[in-house]
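Structural characterization, general
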Amino acid sequence: MNKSWAIVNKILPFSCVDGPGNRLVIFLQGCNFRCLNCHNPYTISLCKDCGDCVSTCPHQALSFNNHRVIWQTSVCQQCDTCINTCVHHSTPMTYKYSVEDILKIIRKYLPFLNGITLSGGEATMQLPFIEKLFRAIKQANDLNHLTCFIDSNGYLHQTGWQKLENVMDGAMIDLKAWDNQINKELTGRDNLRVKKTIEYLASINKLYEVRFLLIPNHTDLQVNAKYIACFLMKIDSNIKIRINAFHNRGIRGIAQNWEPATKQQVEQFAAQLRQYGLHNIVLPSLYL
Ligand code: SF4
Ligand code: SF4
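Parameters at a glance
- Residues numbered from 1 in each chain as written.
- Chains lettered and ligands numbered in written order.
- Predicted model: local features only at pLDDT ≥ 70, side-chain atom pairs only at ≥ 80, totals over all residues.
- Heavy atoms only, no water.
- Helix = DSSP H or I, 4+ residues; strand = E, 2+ residues; numbered from the N terminus.
- Buried < 20%, exposed > 50% of the residue type's maximum accessible area, 1.4 Å probe, protein only.
- Contact = heavy atoms within 4.5 Å.
- Areas by Shrake-Rupley, 256 points an atom, 1.4 Å probe, with all protein chains shown as cover.
- Lys, Arg positive; Asp, Glu negative; His and termini not counted.
- Charge placed at Lys NZ, Arg CZ, Asp CG, Glu CD.
- Axes fitted to C-alpha atoms, helices over the stretch in contact; angles between N-to-C directions.
- Parallel < 35°, antiparallel > 145°, perpendicular 65-115°, else oblique.
- Left-handed = near helix turned anticlockwise from the far one by under 90°.
- Expected span 1.5 Å × (residues − 1).
- Arc of directions from axis to C-beta.
- Domains from an automatic or database assignment.
- Pairing = 2+ DSSP bridges.
- Right-handed = clockwise from strand over helix to strand, strands pointing away.
- Near = heavy atom within 4 Å.
- Nonpolar A, V, L, I, M, F, W, Y, C, P; charged D, E, K, R; others polar.
- Polar contact = N/O pair within 3.5 Å; in protein donor to acceptor, adjacent residues only side chain to side chain.

Across its full length, the protein holds eight helices and 11 strands. Among the 288 residues that make up the protein, the fraction classed as buried is 49%. Within the protein, contacts between residues separated by at least 24 positions form 66% of all contacts whose residues are at least 6 apart in sequence. When the accessible surface of the protein is summed, it comes to about 14,000 Å², and 48% of that surface belongs to carbon and sulfur atoms. Averaged over its 30 positive side-chain charges, the protein has a centre that lies 2 Å from the centre of its 22 negative ones.

A word on the packing of helix H2 (residues 99-109) against helix H3 (residues 127-139). At a closest axis distance of 10 Å, the pairing of H2 and H3 adopts a crossing angle of 50°. Classified by the angle between their axes, H2 and H3 sit oblique to one another. In this structure, the crossing between H2 and H3 has a hand that is right-handed. Every residue of H3 that contacts H2 at Val99, Ile102, Leu103 and Ile106 is listed here: Phe129, Lys132, Leu133, Ala136 and Ile137.

The next subject is helix H8 (residues 263-275). An ideal rise of 1.5 Å per residue puts 18 Å on 13 residues; H8 measures up with 18 Å between its terminal C-alpha atoms. Among the residues of H8, those classed as buried are Val266, Phe269, Ala270 and Leu273. Around the axis of H8, the buried residues are gathered within 100° of arc, so they sit on the same side. Away from its buried face by more than 90 degrees, H8 exposes Gln264 and Gln275. Here the buried face of H8 lies against strand E9 (207-214), helix H7 (225-235), strand E10 (241-245) and strand E11 (281-282). Following H8 by one or two positions, Gly277 has its phi on the positive side, about 110°.

You can read the domains of the protein as domain 1 (5-42 + 95-282) and domain 2 (48-85). The distance between the C-alpha centroids of domain 1 and domain 2 comes to 30 Å.

A few words on the pairing of E9. Along a regular strand, successive side chains alternate from one face of the sheet to the other. Judged by how many residues are buried, E9 sits mostly within the fold: six of eight residues are covered. Direction of pairing for strand E8 (residues 170-174) relative to E9: parallel, over a ladder of four bridges. From the neighbouring strand, Ile173 faces E9, where its bridge partner is Val210. Judged from the five bridges that link them, E9 and E10 form a sheet pairing that is parallel. Within the sheet, the bridge partner assigned to Arg211 lies in E10 and is Arg242. On the question of chirality, the crossover connecting E9 to the parallel E10 by way of H7 is right-handed.

In the vicinity of ligand 1, 14 residues are found, and the nearest of them are Cys57, Cys76, Cys79, Asp80 and Cys82. Its residues assigned to classes, the shell around ligand 1 shows nine nonpolar, four polar and one charged.

The next subject is the sheet that holds strand E2 (residues 23-28). Spatially, the nine strands line up as an open sheet ordered E5-E1-E2-E6-E7-E8-E9-E10-E11, and their pairing is mixed. For this open sheet the edge positions go to strand E5 (95-98) and E11, each flanked by a neighbour on one side alone. Summarising the sheet, strand E1 (residues 5-15) and E2 pair through five bridges and their orientation is antiparallel. Each residue of the ladder has a partner; that of Val8, found in E2, is Leu28. Here H3 sits on the sheet and contacts E1, E2, E5, strand E6 (115-119) and strand E7 (147-152); the angle it forms with E7, its principal contact strand, is near 160°. Helix H6 (residues 192-203) contacts E8 and E9 of the sheet and is inclined by roughly 155° relative to E8.

This part covers the environment of Arg211. Within the secondary structure, Arg211 is located in strand E9. In this structure the C-alpha to C-alpha distance between Arg211 and Ile173, which are 38 residues apart in sequence, comes to 5.9 Å. Apart from residues lying up to four places away in sequence, Arg211 is in contact with Val17, Asp18, Gly19, Asp151, Met172, Ile173, Asp174, Leu175 and Arg242. Within polar-contact distance, the side chain of Arg211 engages the side chain of Asp151 at 3.4 Å.

Here it is in structure tokens:
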């Protein structure tokens, strides 16, 4: 499939936490994980055009035409009623952008950018689009200084990463849990492919950082710090680790009652990783 358009949830023109420097971040709609702790559950599925949210919109920004839900951005008040109505983990508020549309947006912010990052949802669900977009950036004389990054859950198979390796500069990969069973309970998927992705991207020098989300009593990261550190040390003793602290804002379902991670818990985990040799560790700049 040679897909040259994407379903986009949102575009953030400036971010300094999604890769090196100042970056334009494109959040693609759709994910292959079902994380209990997802902060943006409305990005998980593509809209099924069931129409259930149309009548709930208090500003008549939604309509139903030809079995499709139409969203009128000019009328929308961003009240999120539709998102809260949807039982399919989706939103009617998405954009269909072509590669050319995205290039136009990038050019608008170009003087301020060091690169672009594709995030989600799970960005790699729309792999053919990413491949085309990154290739177009690398081939454009005015854009090819921008670095192209992906923020991913790491579930993409190696053959998928191979399609990107000549056009992607780096990736941030989330390792949600060490134990496979705990990972399955948290995300609905196993983590064997995630670990393989970390090894593979490091081997081709495309792993920018590994991310851990510390969820007290619900991930096994602290208990398995030794195994995690040994796994990563074997790959690269200088590997960059980013630890994020769980908070329950925006979460639906059982995880909204889970305890946020404290500064002390995060620092204790970081100390455990350091004890086993890892040193390139970034801690959260704020705790909610
Ligand atoms: S956020 Fe959704 S419900 Fe609210 S105005 Fe916009 S389309 Fe309507
Ligand atoms: S956003 Fe959800 S409720 Fe609205 S049409 Fe799409 S699937 Fe149905």
